[in-house]
Amino acid sequence: MTLTIHIDDSAPPYEQVRAQISEQARSGALPVGYRLPTVRGLAESLGLAANTVAKAYRALEADGVIETRGRNGTFVAAAGSAAQREVAAAAQGYAERARRLGVSEEDASGAVRDALRAAYG
């Protein structure tokens, strides 16, 4: 995860953090299930106050972009219903496994298309 805070930007730092994490989650740069740094850890690495990062995390959680799992940490959440979240997690797992196996993106996509055609007719 790469975040950059521009002090001379008109947007406040918490909004910059919120917007960048939201965009990276939406684009897939931060996959579903990715564990975010702690509030204190991220604040320290960005040179911000912990309350600034906490405010951004609260806004992201309210938007459904991230979810806090108590002492286990804060993670990128899947958007939508429970079924959609489960499908997103399965797709993420499949993509990671296909990459580790050395399968090309085209072949991995083709395998998914074939499986969907077989399942849905």
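Details of the structure are given in the entry above.
Summary of the structure given here. Values in this document were obtained by computation on a predicted structure and should not be read as measured data.

If you tally the helices and strands in the protein, you get five helices and three strands. In sequence order, the protein lays out its α and β elements as α-β-α-α-β-β-α-α. Expected size for 121 residues packed as a compact globule is a radius of gyration near 14 Å; at 17 Å, the protein overshoots this value by more than 25%. Overall, the C-alpha framework of the protein stretches about 55 × 25 × 25 Å when taken along its three principal axes. For the protein, the proportion of its 121 residues judged to be buried stands at 26%. Taking as baseline every contact in the protein between residues at least 6 positions apart, the subset at least 24 positions apart corresponds to 46%. When the accessible surface of the protein is totalled, it reaches about 8,100 Å², and 51% of it is carbon and sulfur. The protein carries 14 positive and 14 negative side-chain charges, and their two centres are separated by 7 Å.

With that out of the way, let us pick up the environment of Leu 30. Note on placement: Leu 30 falls in the loop between helix 1 (13-27) and strand 1 (35-36). Classification of Leu 30 as buried rests on a relative accessible area of 2%. Between the alpha carbons of Leu 30 and Ala 77 there is a distance of 9.9 Å; along the sequence they are 47 residues apart. If we skip the residues at most four places from it in the chain, Leu 30 touches Met 1, Ile 21, Gln 24, Ala 25, Leu 36 and Val 76.

Our focus in this paragraph is a nonpolar patch on the surface. Side chains of Tyr 94, Val 112, Leu 116 and Tyr 120 sit close together on the surface and give an oily, nonpolar patch of about 430 Å² of accessible area. Within the fold, Tyr 120 resides in helix 5 (residues 105-120).

Another point: helix 3 (residues 50-62). Taking 1.5 Å of rise per residue, 13 residues should cover 18 Å, and helix 3 covers 18 Å from first to last C-alpha, within 8% of that figure. On its buried side, helix 3 packs onto helix 1, strand 1, helix 2 (39-46), strand 2 (66-68) and strand 3 (74-76). Just downstream of helix 3 lies Gly 64, where phi reads positive at about 80°.

This paragraph deals with the environment of Ile 21. Mapped onto the secondary structure, Ile 21 falls in helix 1. For Ile 21, a relative accessible area of 0% translates into the label buried. Distance in space between the C-alpha atoms of Ile 21 and Glu 61 is 11 Å, their sequence separation being 40 residues. With residues up to four places along the chain from it excluded, the contact list for Ile 21 reads Met 1, Leu 3, Leu 30, Leu 42, Tyr 57, Leu 60 and Ile 66.

Cut-offs used in this document
Residues numbered from 1 in each chain as written. Predicted model: local features only at pLDDT ≥ 70, side-chain atom pairs only at ≥ 80, totals over all residues. Heavy atoms only, no water. Helix = DSSP H or I, 4+ residues; strand = E, 2+ residues; numbered from the N terminus. Rg over C-alpha atoms; globule rule 2.2 N^0.38 Å. Buried < 20%, exposed > 50% of the residue type's maximum accessible area, 1.4 Å probe, protein only. Contact = heavy atoms within 4.5 Å. Areas by Shrake-Rupley, 256 points an atom, 1.4 Å probe, with all protein chains shown as cover. Lys, Arg positive; Asp, Glu negative; His and termini not counted. Charge placed at Lys NZ, Arg CZ, Asp CG, Glu CD. Patch = residues over 30% accessible without salt bridge, like charges linked within 9 Å, V, L, I, M, F, W, Y side chains within 5 Å. Salt bridge = Lys/Arg side-chain N within 4 Å of Asp/Glu carboxyl O. Expected span 1.5 Å × (residues − 1).

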